[in-house]
Amino acid sequence: MATAEAAIKVCGVSHQFGDEGEQRFVRALADTSLDIARGELLCLIGPSGCGKSTLLNVIGGLMTPSSGGVDVLGKPVRGPLPRDIAFVFQESALFPWNTIIENIGLGMTFQGVAKPGRAARAASALEAVGLKDFAQHYPAQLSGGMRQRAALARALSLETPILLMDEPFGALDEQTRMILGEDLSVLLARSHKTIVFVTHSLGEAVFLADRVAVFSARPGTIKQVIAVDEPHPRKPEFVTSAKFTTLRNQLYGLLHDEIRKAVQQTGLADATVQTGPT
Amino acid sequence: MMAGKEDRKRDRDALMSRIVQAGFLAGLILIWYLASTRWGVNRLLLPDPVAVYDNLIDILRSGEFIDDLEITLGELAAAFAISVTSGVTLGYLISRSPYAIEVFEPLFAAIYAIPIILFLPLFVLFFGLGPASKIALGASISFFPVVINTIAGFGHVDRLFVTAARSMGASDYHLFRHVLLPAALPVILTGLRMGFTTALLSIIGSETLASLAGLGHRIVHLAEAMDMARMFAYIVFVIAIAVILNTIVSTLEARGKRN
């Protein structure tokens, strides 16, 4: 999979917050390397606080790593790359003072899209996520799932080759999550984007990913990469197949020890992974 | 359907409380009338409301209030303009640095709790008995709610919005115009309304203490001349002006928050 066609090359990235000896000192990422191919959907999964989101922010140029570096489409990352990379965050980062359609337009304004093209692109992005009747609504008038669809529409309208998604469905209930996962699989199968998707959910990872990178407990690094050999778009029946169950169990086995370690590190039992279907 | 029912119930409750409020005021005026006409309260202390009403009509007809009103409103406009310009500018600059916020936010909050009216004699020494001392006092008092709310508004914008905007390539101007300003505006508008109200109160108050003209000055002047009915008429006039101004400012605030 990870051939010369890599869209994202992560080379020996380490990151720490604060300085050694300080109370807030945290070694988040240790010497992580990874190649992500063009058009691939890669899931990052691991215990809470293992540095998955940190890695995503480093790839997106929102954080400068303490050491190591990232190349995106052959160029070293030194800051945000709005023309190449779009983000979808865990909580909807839609601006509450703008309507959905204004939010999408604003993303393109920031990115530098000329005015004439914006309206059509915004409309088609909204249509793609099934929200075309909600263009004039404010984010607060939508459910959590609809807000995340709108955030996805904003990211899609930017027409970047790369999409970084940081637990985009993390705050949603199980059923909304399942539907959004299925729709996302259909949507992304058509778009040929390169996607990095951070998740806590084993089922979500297996359902969506071409490959799943499993993180170790802090300081996080990639323990193993598992390939999910199943064509996109994934069918709902995939969830009930033997292949799905085998892969999910394999992931569970890999993660279980790391989660225990993470729980011991924090002294709290909040570093859980959702183990239910999808 | 349920929502419509609840709306109607809320409207009815609101109407009821308006009726009770009006009844309460009418009751107060009735007691006032009875006290001054039937219960033998000295007319020099409490004039008859009918006489107050006649005086109010006379004041409005003759237009004698215009000079004092102009002075008071002029002082208010100048004081508010100074406190808004300085408060919003300084508040924005302070909000750009977490260190400055940590230093100045508690400092301004502490000074805001001091009765600045105590400095009126000092302002009179500096600026004389004319409008300048009222403007200085009104501006210094109303500066604090404006600056405190501006810091709070700009200083506590959700980081996620800033990160999201930056990830999409927002420039500094984009960030200010489309993220910081709309995020901060409701809090700043509240600060402006509070600043306006405190400026109005402190200016009229200080006119009653040390001044040559203005509505507050007129009221004290009439009290000293023992012209109680006319003094009460001016008090009613000032209350009406204050209610009108506060309604305008509150409406502007609500409209600014909606957009």
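Residues numbered from 1 in each chain as written. Chains lettered and ligands numbered in written order. Predicted model: local features only at pLDDT ≥ 70, side-chain atom pairs only at ≥ 80, totals over all residues.

1. Some thoughts on the overall build of chain A
Counted only if it meets this: For the purposes of this entry, the term helix denotes a DSSP run of H or I that reaches at least four residues, the term strand denotes a run of E that reaches at least two, and both are numbered from the N terminus. The globule rule used here is 2.2 Å times the number of residues to the 0.38 power, and the radius of gyration it is set against is calculated over C-alpha atoms. Working definition of burial: number of other C-beta atoms within 10 Å of the residue's own, with buried at 20 or more, exposed at 12 or fewer, and partly exposed in between, all C-beta atoms being placed from the backbone.
The helix and strand inventory of chain A stands at seven helices and 10 strands. Relative to its length of 278 residues, chain A is compact, with a C-alpha radius of gyration of 18 Å against a globular reference of 19 Å. Judged by the C-alpha coordinates and their principal axes, chain A covers about 50 × 45 × 40 Å. The burial tally for chain A puts 46% of its 278 residues in the buried class.

2. Comments concerning the overall build of chain B
As a reminder of what qualifies: By the criterion used throughout, residues are in contact when their C-beta atoms, derived from the backbone, lie within 7 Å.
The helix and strand inventory of chain B stands at 10 helices and zero strands. For chain B, the proportion of its 259 residues judged to be buried stands at 34%. Pairs at least 24 apart in sequence give 76% of the contacts found in chain B among residues at least 6 apart.

3. A closer look at the interface of chain B and chain A
Selection rule: Residue type decides the class: Asp, Glu, Lys and Arg count as charged, Ala, Val, Leu, Ile, Met, Phe, Trp, Tyr, Cys and Pro as nonpolar, and the leftover types, Gly among them, as polar.
The interface is formed by 14 residues belonging to chain B together with 17 residues belonging to chain A. Of all the secondary-structure elements, those providing two or more residues to the side of chain B that touches chain A are helix H7 (159-167) and helix H8 (172-209) of chain B. Ranked by the residues each element gives to the side of chain B that touches chain A, the list is headed by H7 of chain B, at seven residues. Its residues placed into classes, the side of chain B that touches chain A shows eight nonpolar, five polar and one charged.

4. A few points about the sheet that holds strand S8 (residues 194-199) of chain A
All names here are of chain A. Put simply, the rule reads: Think of it this way: DSSP has to see at least two bridges between two strands before they count as a pair. Lines fitted to C-alpha atoms define the axes, with helix axes restricted to the stretch in contact, and inter-axis angles between N-to-C directions lie between 0 and 180 degrees.
The six strands lie next to each other as S6-S7-S8-S3-S9-S10, forming an open sheet whose pairing is mixed. The sheet is open, and its two edges are formed by strand S6 (85-88) and strand S10 (222-227), each paired on a single side. In this sheet, adjacent strand axes meet at a mean angle of 15° when their direction is disregarded. Direction of pairing for strand S9 (residues 211-215) relative to S10: antiparallel, over a ladder of five bridges. Looking across to S10, one finds that Arg211 is bridged to Ala227. Packing against the sheet, helix H4 (residues 144-157) makes contact with S6 and strand S7 (162-166), and its axis sits at approximately 175° to S6.

5. Comments concerning the domain arrangement of chain A
The following threshold applies: Domain extents, as shown, originate in an automatic or database domain assignment.
Taken as a whole, chain A is organised into domain 1 (1-68 + 172-238) and domain 2 (85-159). Across the side of domain 1 of chain A that touches domain 2 of chain A, the residue classes tally to three nonpolar, two polar and no charged.

6. Quick notes on the packing of helix H5 (residues 120-127) of chain B against helix H6 (residues 131-155) of chain B
Residues and elements named next belong to chain B. Here is the rule we go by: For classification purposes, an angle smaller than 35 degrees is called roughly parallel, one larger than 145 roughly antiparallel, one from 65 to 115 roughly perpendicular, and anything else oblique. By definition, any crossing whose near helix is turned counterclockwise from its far helix by less than a right angle is left-handed, and any crossing with a clockwise turn is right-handed.
One can describe the packing of H5 onto H6 by two numbers: an axis separation of 8 Å at closest approach and a directional angle of 135°. As far as their axial angle goes, H6 and H5 are oblique. Read as a crossing pair, H5 and H6 show a hand that is right-handed. Contacts between H5 and H6 involve Leu120, Phe123, Val124 and Phe127 on the former and, on the latter, Ala132, Ser133, Ala136 and Leu137. When grouped by side-chain class, the residues that make up the contact of H5 with H6 number seven nonpolar, one polar and no charged.

7. Description of the sheet that holds strand S2 (residues 26-37) of chain A
Residues and elements named next belong to chain A. Read across the sheet, four strands follow the order S2-S1-S4-S5 without closing on themselves; strand pairing throughout is antiparallel. A strand with exactly one partner marks an edge of an open sheet, and here the two such strands are S2 and strand S5 (75-76). Of the strand pairs in this sheet, strand S1 (residues 6-17) and S2 are connected by eight bridges, and their pairing is antiparallel. Its bridge partner being in S2, Lys9 is matched across the sheet by Asp35. On the sheet, helix H1 (residues 52-59) packs against S1, S2 and strand S4 (67-72) and is oriented at approximately 120° with respect to S1.

8. Comments concerning the packing of H6 of chain B against H8 of chain B
Residue and element names in this part refer to chain B. Orientation of H6 relative to H8, taken along the N-to-C sense of each, is 160°, at an axis distance of 7 Å. Taken together, H6 and H8 sit at an angle that is classed as roughly antiparallel. Crossing angle aside, the handedness with which H6 passes H8 is right-handed. Counted by class, the contact of H6 with H8 contains 16 nonpolar, 11 polar and two charged residues.

9. Quick look at the nonpolar core
The test is simple: Buried Ala, Val, Leu, Ile, Met, Phe, Trp, Tyr and Cys residues whose C-beta atoms connect them within 7 Å together make up a nonpolar core.
The biggest cluster of nonpolar side chains holds 130 residues, and the ones touching the most others in it are Cys43, Ile45, Ile59, Val206, Ala209 and Val212 of chain A. For this core, the element with the most residues is H6 of chain B, which contributes 12 residues.

10. Digging into the confidence of the model for chain B
Applied cut-off: Every residue carries a pLDDT, the predictor's confidence in it, which falls somewhere between 0 and 100.
The predicted model of chain B has a mean per-residue pLDDT of 89, with 98% of residues at 70 or higher. Scored as a complex, the prediction yields pTM 0.78 and ipTM 0.84.

11. Concerning the confidence of the model for chain A
Of the residues in chain A, 94% have a pLDDT of 70 or more, and the chain-wide mean is 85. In the predicted structure, residues 269-278 of chain A sits below a pLDDT of 50 and forms 31 contacts with residues beyond four places in sequence or in another chain.

12. Thoughts on the pairing of S8 of chain A
Residues and elements named next belong to chain A. Of all six residues making up S8, six are buried, and the element is well covered by its neighbours. With burial as the criterion, each face of S8 is covered, one bearing Thr194, Val196 and Val198 and the other bearing Ile195, Phe197 and Thr199. In this sheet, S8 lies alongside strand S3 (residues 41-45) in parallel orientation, the contact comprising five bridges. By the bridge assignment, Leu41 is partnered in S8 with Ile195. Across five bridges, the pairing between S7 and S8 is parallel. Counterpart to Ile162 in the pairing with S8 is Thr194.

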